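# Residue-level structural notes
Here's the letter readout for the chains.
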Amino acid sequence: MSDYLQAKAVYAKLGVDTDAAIEKLKSVPVALHCWQGDDVRGFDQKSDGPLTGGIQTTGNYPGRARTPEELMADIDVVLKLCPGMKKMNLHACYAIFDDENGGWVDRDKIEPKHFKKWVDFCKARGLGCDFNPTFFSHPMCDPLTLASPNEETRRFWIEHGKACIRISQYLAEELGQPCVMNIWTGDGFKDIPADRMGPRMRYKESIDAILSEPFDFDKVKPCVESKVFGIGVEAYTVGSAEFSLGYAAANKDKCIPLMDNGHYHPTEVVSDKIPALLTFFPEIALHVTRPIRWDSDHVVLLDDETREICKEIVRCGGLDGRVKIALDYFDASINRVVAWIVGFRNVQKALLMALLTPDAQLKGLQDTNNWTELMVSQEELKTLPFGAVWTQYCESCGAPADGEWFKVAKAYETDVLSKR
Ligand code: RNT
Ligand code: ZN
């Protein structure tokens, strides 16, 4: 009997159907962030400008993508070496300007035509696309954006947000899948402010103004992403957890909350927050990352919290569209394409593990106060023959199994990345 058939029989004894788990996972889109390929630089500014907004990429590994063509070629390698359904996730700073579309414009003037090449890229690969206004790494950050006391600054960034709503609607219509459009700014202060309310009131009014741009909420899913602090903005963040959740709760007809698991105090866990939010919100969005001591955006591992997040997504019925899953990390200290692949594959693994969990039985043990058996069951699940099911999943997606893909990525490094 093949390894897979043996594993299937082991899971079947627990009432778990491995074939059904594999088929289910194939239908779940996970958004692949374009910004892992070039250290969150994009194409719309002088390429050596600093990354601002309290986020940082560290490392100087050779081979960063410098042009749309290079970035797309790298993404193709990732798509090929990862199983599962992917969706692209673009930032506005990845607009592509050329002679045909009239050349460079600033962020308040970008249009759907600047993303036509990305639409062609997605169409050719059958992908949907999510989108993000880029409220950082730009001369109009004063350093605040939507919360700035300066009206001209706010106006510029509101126009940027509105332009992004129009682009998101275009992406959704062209690609036939909803576009999650995430609003995140690094607005905040390094030291103790004298006015905490003013920036938040301005932030609220600016987001209101952006969302006053007409859009179809079935197609465009605007999100507000909260944060606890960033580098250089340690004392106060305008878009805090309470602010963002409050905003989303008060604007449920046009906005959903987004949680990034790097954006909380180190003992808080997003896994626990997923069912809390799903109690009140029909839809929520996630950025899956790996924080080490702060929002360091390390490559996602198959660690306990990633697994727990995926268990909650599955148990809470999040795979049928209620939970929008996206990756968000950027490591410039290792091969960037490999970083992308490892993180994407790990989220797939964690989702598959979650789908292979006998949830109804475990819940039954909990509801009957059978805590001893629940602990034993949960521990023993950890040593079931998951690897064979994972290999089967990869094969059935036409993607390489563990042990097979790294040499392909290494060859791409030798042949392409190292020559940049
Ligand atoms: C930053 C936020 C945000 C960014 C991306 C690039 O702390 O997590 O989501 O990482 O928009
Ligand atoms: Zn994020």
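Okay, so let's go over this structure. (Residues numbered from 1 in each chain as written. Chains lettered and ligands numbered in written order. Predicted model: local features only at pLDDT ≥ 70, side-chain atom pairs only at ≥ 80, totals over all residues. Heavy atoms only, no water.)

Moving on, we come to the overall build of the protein. When its secondary structure is counted, the protein shows 14 helices and 12 strands. The dimensions of the protein, computed from C-alpha atoms along their principal axes, are 65 × 55 × 40 Å. Buried positions account for 55% of the 420 residues belonging to the protein. Only carbon and sulfur atoms are counted for the fraction: they give 54% of the accessible area of the protein, which is about 17900 Å². Taken as two groups, the 49 positive and 62 negative side-chain charges of the protein have centres that lie 1 Å from each other. (Helix = DSSP H or I, 4+ residues; strand = E, 2+ residues; numbered from the N terminus. Buried < 20%, exposed > 50% of the residue type's maximum accessible area, 1.4 Å probe, protein only. Areas by Shrake-Rupley, 256 points an atom, 1.4 Å probe, with all protein chains shown as cover. Lys, Arg positive; Asp, Glu negative; His and termini not counted. Charge placed at Lys NZ, Arg CZ, Asp CG, Glu CD.)

Of all hydrophobic cores here, the largest spans 122 residues; its most connected members are I75, M88, W118, F131, I325 and L352. Counting residues per element, this core draws most heavily on helix α10 (residues 336–355), at 13 residues. Once residues within four sequence positions are removed from consideration, W118 is found in contact with F43, L71, M72, I75, L90, Y94 and I96. Ranked by size, the runner-up nonpolar core spans five residues in total, among them V180, C223, I256 and A285. (Core = buried A, V, L, I, M, F, W, Y, C linked by side-chain atoms within 4.5 Å. Contact = heavy atoms within 4.5 Å.)

The next subject is the coordination of the zinc ion (ligand 2). Those protein atoms acting as donors to the zinc ion (ligand 2) are E225 (OE), D260 (OD), H287 (ND1) and D328 (OD), and they sit at 2.1 to 2.2 Å. Around the zinc ion (ligand 2) sit six donor atoms, and with donor-metal-donor angles ranging over 71 to 172 degrees the site reads as octahedral. All donors of the zinc ion (ligand 2) come from a single chain, and their spacing in sequence reads E-x34-D-x26-H-x40-D. Taken as a pair, D260 in strand β8 (residues 256–260) and H287 in strand β9 (residues 284–288) lie far apart in primary sequence, 27 residues in all. By the burial criterion, D260 is buried, and H287 matches it. (Donors = N, O, S within 2.8 Å, 3.2 Å for Na, K, Ca; no water. Tetrahedral: all angles 85-135°; square planar, octahedral: opposite > 155°, others 65-115°.)

A separate point is the side chain of S271. Mapped onto the elements of the fold, S271 is located in helix α8 (residues 270–278). The class for S271 is buried, based on a relative accessible area of 6%. For S271, the contacting residues outside a window of four places in its chain are E305, E308, I309 and E312.

Turning to the site of ligand 1, a few remarks are in order. Close contacts around ligand 1 come from W35, I55, H91, W184, E225, K227, D260, H263, H287, D295, D328 and F330, and that covers them all. A distance of 2.7 Å separates an oxygen atom of ligand 1 from a polar atom in the side chain of E225. With the chains in place, 100% of the 310 Å² that ligand 1 exposes on its own is no longer accessible. For the shell around ligand 1, the residue count by class is four nonpolar, three polar and five charged. (Near = heavy atom within 4 Å. Polar contact = N/O pair within 3.5 Å; in protein donor to acceptor, adjacent residues only side chain to side chain. Nonpolar A, V, L, I, M, F, W, Y, C, P; charged D, E, K, R; others polar.)

Here the focus is the pairing of strand β11 (residues 294–298). Moving residue by residue along a regular strand, the side chains alternate between the two faces of the sheet. Across two bridges, strand β10 (residues 290–292) lies against β11 in antiparallel orientation. Looking at β11, one finds that I292 is bridged to W294. Linking two consecutive strands that pair antiparallel, namely β10 and β11, is a turn of one residue; a positive phi of about 70 degrees is found at R293 within it. (Pairing = 2+ DSSP bridges.)

This brings us to the environment of M259. Within the secondary structure, M259 sits in strand β8. A sequence separation of 15 residues divides M259 from I274, and the C-alpha atoms of the two residues are 8.7 Å apart. Ignoring any residue separated from it by four or fewer positions in sequence, one finds M259 in contact with Y264, V270, K273, I274, L277, I284, A285, L286 and H287.

Here the focus is helix α13 (residues 386–396). Two residues of an α-helix separated by three or four positions point the same way, owing to the 3.6 residues in each turn. Taken residue by residue, α13 has F386, A388, V389, W390, Y393 and C394 as its buried positions. Next to the buried residues of α13 lie α1 (3–13), α2 (18–25) and α10. A positive phi of about 70 degrees marks G398, the residue just after α13.

On to the pairing of strand β12 (residues 323–327). Burial of β12 is extensive: five of the five residues sit out of reach of the surface. Of the strand pairs in this sheet, strand β1 (residues 29–33) and β12 are connected by two bridges, and their pairing is parallel. The partner of V30 across the bridge, within β12, is I325. Here five bridges tie β9 to β12, and the two strands are oriented parallel to one another. Along β12, the bridge assignment pairs A285 with K324.

Relative orientation of the contacting elements α2 and α13 amounts to 45 degrees, with a least axis distance of 10 Å. If you check the angle between α2 and α13, you find them oblique. Read as a crossing pair, α2 and α13 show a hand that is right-handed. On α13, the residues touching T18, I22 and L25 of α2 are V389, Q392, Y393 and S396. Among the residues forming the contact of α2 with α13, the class breakdown is four nonpolar, three polar and no charged. (Axes fitted to C-alpha atoms, helices over the stretch in contact; angles between N-to-C directions. Parallel < 35°, antiparallel > 145°, perpendicular 65-115°, else oblique. Left-handed = near helix turned anticlockwise from the far one by under 90°.)

To continue, consider the packing of aromatic side chains. By the definition in use, this model includes 12 aromatic pairs. Between F115 and F131 the ring centres are 5.0 Å apart and the planes differ by 85 degrees, which places this aromatic pair in the edge-to-face class. With F115 in the loop between β2 (85–91) and α4 (116–125) and F131 in strand β3 (residues 128–132), the pair connects residues that are 16 residues apart, well separated along the chain. Summarising the burial analysis for this pair, F115 and F131 share the class buried. Chaining the aromatic ring pairs together yields one cluster made of F135, F156 and W157. Taking the ring centre of F121 as reference, the NZ or CZ of R125 above it sits at 3.9 Å. (Phe/Tyr/Trp six-rings, centres within 6.5 Å; stacked < 30°, edge-to-face > 60°. Lys NZ or Arg CZ within 6 Å of the ring centre and 35° of its normal.)

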